[in-house]
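Structural description and commentary
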Amino acid sequence: MIEALTGEFGAGEGARETARTLFVVGDRKQSIFGFQGADPVAFAGMRERLGRRFAGEDALRDHALLHSFRSSPAILKVVDRVFDSQTGAGAPTEHIAFRRDLPGRVDLWPHVPEPETEGERVWSDPVDMPARDAAHIVLARRIAKQIRAMIDARTPIEVGGIRRPVVPGDVLILFRARNRLFDATIAACKAAGLPMAGADRLRLADDLAVRDLLSLARFAATAEDDLSLAELLRSPLCGLTEAQLYDVAHGRGGTLLRALRDHGGFAPLVAMLDDVQARADFLRPYELLQRVLIVHDGRRRLTGRLGVQVNEAIDGLLHQALAYEALEVPSLTGFLGWIDASEIEMKREATGGAIRVMSIHGAKGLESPVVIVPQCGPWWANHPPELMRLDGHVVWRPAKADCNAALLTACEDAETREAEERDRLLYVALTRAESWLICASSGTEETQEGTSWAGRLRIALTAEGA
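Anyway, here's the lowdown on the structure attached to this text. (Residues numbered from 1 in each chain as written. Predicted model: local features only at pLDDT ≥ 70, side-chain atom pairs only at ≥ 80, totals over all residues. Heavy atoms only, no water.)

Quick notes on the overall build of the protein chain
So the rule is basically this: Counting from the N terminus, the helices are DSSP H or I runs at least four residues long and the strands are E runs at least two residues long. In this scheme, a residue with accessible area under 20% of its type's maximum is buried, one over 50% is exposed, and one in between is partly exposed, where area comes from a 1.4 Å probe on protein chains only. Working rule for contacts: check all heavy atoms of both residues, and any pair within 4.5 Å makes them a contact. Reported accessibility uses the Shrake-Rupley method at a 1.4 Å probe radius. Residues are deemed covered only where the shown protein chains occlude them. Under the convention used here, Asp and Glu are negative, Lys and Arg are positive, and both His and the chain ends fall outside the count. Charge positions are represented by NZ for Lys, CZ for Arg, CG for Asp and CD for Glu.
A tally of regular secondary structure across the protein chain gives 16 helices and 16 strands. Based on the C-alpha atoms only, the size of the protein chain along its principal axes is roughly 90 × 60 × 60 Å. Taken over 466 residues, the protein chain has a buried fraction of 42%. Long-range pairs, those at least 24 residues apart, make up 70% of the contacts in the protein chain between residues at least 6 apart in sequence. If you sum the accessible surface of the protein chain, you get close to 26100 Å²; carbon and sulfur atoms cover 52% of it. Separation between the mean location of the 56 positive side-chain charges and that of the 66 negative ones in the protein chain comes to 4 Å.

Quick word on the environment of arginine 299
Counting through the fold element by element, arginine 299 comes out in helix 12 (residues 298-306). As for arginine 299 and threonine 155, which are separated by 144 residues in sequence, their C-alpha atoms are 37 Å apart. Excluding residues within four positions of it along the chain, arginine 299 makes contact with Leu293, Asn311, Ile314, Asp315 and Leu318.

Some points on the environment of isoleucine 96
For isoleucine 96, the location among the structural elements is in strand 2 (residues 96-97). Residue isoleucine 96 is classed as partly exposed on the basis of its relative accessible area of 34%. When the C-alpha atoms of isoleucine 96 and leucine 66 are compared, they prove to be 5.6 Å apart, with 30 residues separating the residues in sequence. Ignoring anything within four residues of it in the chain, the contact list for isoleucine 96 reads Leu66, His67, Ser68 and Leu76.

Details of helix 2 (residues 40-53)
Applied cut-off: Any helix carries an expected span of 1.5 Å times its number of residues minus one. Throughout this description, a polar contact denotes any pair of N or O atoms lying within 3.5 Å of each other; where both atoms belong to protein, one of them has to be capable of donating a hydrogen while the other can accept it, and for residues adjacent in sequence the pair is counted only when both atoms sit in side chains.
Along its 14 residues, helix 2 runs 20 Å from first to last C-alpha, staying within 8% of the 20 Å computed at 1.5 Å per residue. Regarding helix 2, the residues found buried are Pro40, Gly45, Met46 and Leu50. Contact partners of the buried residues in helix 2: helix 1 (2-6) and helix 15 (405-430). N-capping of helix 2 is provided by aspartate 39, with a side-chain oxygen placed 3.1 Å from the backbone N of valine 41.

Observations concerning the packing of helix 11 (residues 285-294) against helix 13 (residues 310-327)
Heads up, the condition is: Helix axes use the C-alpha atoms of the stretch in contact, all axes being lines fitted to C-alpha atoms, and the angles between their N-to-C directions lie in the range 0 to 180 degrees. What sets the label is the angle itself: under 35 degrees gives roughly parallel, over 145 gives roughly antiparallel, 65 to 115 gives roughly perpendicular, and the rest give oblique. Here the term charged refers only to Asp, Glu, Lys and Arg, the term nonpolar to Ala, Val, Leu, Ile, Met, Phe, Trp, Tyr, Cys and Pro, and the term polar to all other amino acids, Gly among them.
It is at 8 Å that the axes of helix 11 and helix 13 come closest, and there the two elements cross at 155°. Here helix 13 runs roughly antiparallel to helix 11, going by the angle between their axes. Side by side, helix 11 and helix 13 meet where Pro285, Tyr286, Leu289, Gln290 and Leu293 of the first sit next to Ile314, Leu317, Leu318, Ala321, Leu322, Tyr324 and Glu325 of the second. Here the contact of helix 11 with helix 13 is composed, by residue class, of 10 nonpolar, 1 polar and 1 charged.

Considerations on the packing of aromatic side chains
Which entries qualify depends on this criterion: Two rings from Phe, Tyr or Trp (for Trp, the six-membered ring) form a pair when their centres sit within 6.5 Å of each other. Planes less than 30 degrees apart are called stacked, planes more than 60 degrees apart edge-to-face, and all others tilted.
Scanning the entire structure with this criterion turns up 5 aromatic pairs. Each ring, one from phenylalanine 83 and one from tyrosine 427, has its centre 5.8 Å from the other, and the planes form 70°; the classification is edge-to-face. Of this pair, phenylalanine 83 sits in the loop between helix 3 (73-82) and strand 2 while tyrosine 427 sits in helix 15, and the two are 344 residues apart along the sequence. Exposure class is identical for phenylalanine 83 and tyrosine 427. Each is buried. Summarising the aromatic geometry, the rings of tyrosine 324 and phenylalanine 335 are spaced 5.7 Å apart at their centres and angled 55° between planes, so their arrangement reads as tilted.

Things to note about the pairing of strand 14 (residues 393-396)
Convention followed: Here, strands pair whenever DSSP counts at least two bridges between them.
Looking at chain direction, strand 13 (residues 387-390) and strand 14 are connected through 4 bridges and run antiparallel. Within strand 14, the position partnered with leucine 390 by the bridge is histidine 393. The turn joining strand 13 and strand 14, which pair antiparallel and follow one another in sequence, is formed by 2 residues; a positive phi near 55° is taken by aspartate 391.

Side note on the pattern of salt bridges
This is how it is decided: Criterion for a salt bridge: a side-chain nitrogen of Lys or Arg within 4 Å of a carboxyl oxygen of Asp or Glu.
Under the counting rule described, the total for this entry stands at 19 salt bridges. With a closest N to O distance of 3.4 Å, glutamate 367 and arginine 70 form a salt bridge. Separated by 297 residues along the polypeptide, glutamate 367 in the loop between strand 11 (355-359) and strand 12 (368-373) and arginine 70 in the loop between strand 1 (67-68) and helix 3 bring together distant segments of the chain. Across the pair glutamate 421 and arginine 424 runs a salt bridge, and its minimum N-O distance is 2.8 Å. In this pair, glutamate 421 and arginine 424 both sit in helix 15, 3 residues apart, roughly one turn of the helix. Across the pair, arginine 424 and glutamate 421 agree in class, each one buried. One network of salt bridges, in which partners are shared, links Asp275, Arg279 and Arg291.

Comments concerning the nonpolar core
We apply this condition: The nonpolar core is taken to be a set of buried Ala, Val, Leu, Ile, Met, Phe, Trp, Tyr and Cys residues, with the residues joined through side-chain atoms within 4.5 Å.
Among the nonpolar cores identified, the biggest contains 48 residues, and Leu213, Leu233, Leu269, Leu273 and Leu317 are the most heavily contacted of them. Of all the elements in the fold, those that place two or more residues in this core are helix 6 (208-221), helix 7 (226-234), helix 8 (242-249), helix 9 (256-263), helix 10 (267-279), helix 11, helix 13 and helix 14 (332-341). At 8 residues, the largest contribution of residues to this core is made by helix 6.

Some details on unusual backbone geometry
Although it is not a glycine, arginine 154 adopts a positive phi angle of roughly 55°. Structurally, arginine 154 can be placed in the loop between helix 4 (135-152) and strand 5 (156-159). Classification of arginine 154 as exposed rests on a relative accessible area of 56%. One non-glycine residue, aspartate 297, lies in positive phi territory at about 65°. Tracing the sequence through the fold places aspartate 297 in the loop between helix 11 and helix 12. Judged by its relative accessible area of 27%, aspartate 297 is partly exposed.

Following this line, the structure appears as structure tokens:
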């Protein structure tokens, strides 16, 4: 595409006496979207072809921007030491801090190992619930405790040339993968009373408020759906306790709705359910949801129990209801089928004053005074893809023992490209921090010094003169 746009750069020369210029900017150190086709090799090749095309008097001028306008000298010094040899980030990095007087620090926490023996469990805990001394649970609590301590101690930082205490909105937690540590960190911060912006991306169907509203919609579509009604009764929309639901449902002779009517102690709740049932066949899905949220006070109930952050997911569900009505003849059963068949993912906008939690990929282009990178432990490499391109042909990759020399070379190349992509991802994570960078790791320890992110940081921080 770039070649096509620049191919006729000199066409029509002489028709007008005007200087023509071409300005191209790029940074291979931040090319972290390999899954979208980003290729640093193609970047270098294009630069070389443009250099040959614009030769002579109007030669292409290649400049490197060494100044960093974001990070403090302390952080940049560590980055340069981590990438002091040829890596996936390109040539050995060299940075010049534009804000030379900006204070900074880099913390590398001790590795949190998995316990040798699992701690004693409470008999009533679910069998898939992680142990309280699991490495990712311990690290998540440590992160929350550190942030709480920083805020309570009014730890000073410098932002925009002004020295002030750190606030929750100054903290950005970056993950290389949304795994159990990701979820545990959000839960630990909420348990510590810290304001959280929530995950940067959210599957609409995973939000609790959305699931409660969909349970209500399923009950409205089918009054005999006892499971959906039980989910609805336990939700903030109805507010029954476990004991109250058991009292109504246990030993019933008919449907759960009939048992609720016969109980006699939940007349206002039954009136709300009857209203929803009566209007389900006449109102469009959007109108029915809005009636529950406004007339029956559903939005206040949901935000009161689950927090104001669920408003974004609720509004996302309403938006999907409108989108469905624009495509199909609206019906409640049709809308439920459409939602169930869709993998709708929302990108959340960070709210001011709250701790941001996101993937490193999602943080590209952002910055924050305090950045925490908790997943600096060993990275288990992915196997090369099952289908590989070899000499212009697509071939099936057999087991490594059955690969010929050409396939072995192709597999090694794929592993090298993956390692280079990890290096560039580390570069992006480290350079998001303005003043304070905290790195941590948990789980299995590295078997070879310096192979994990934490190992490379340890080498950089303990090097002579560091």
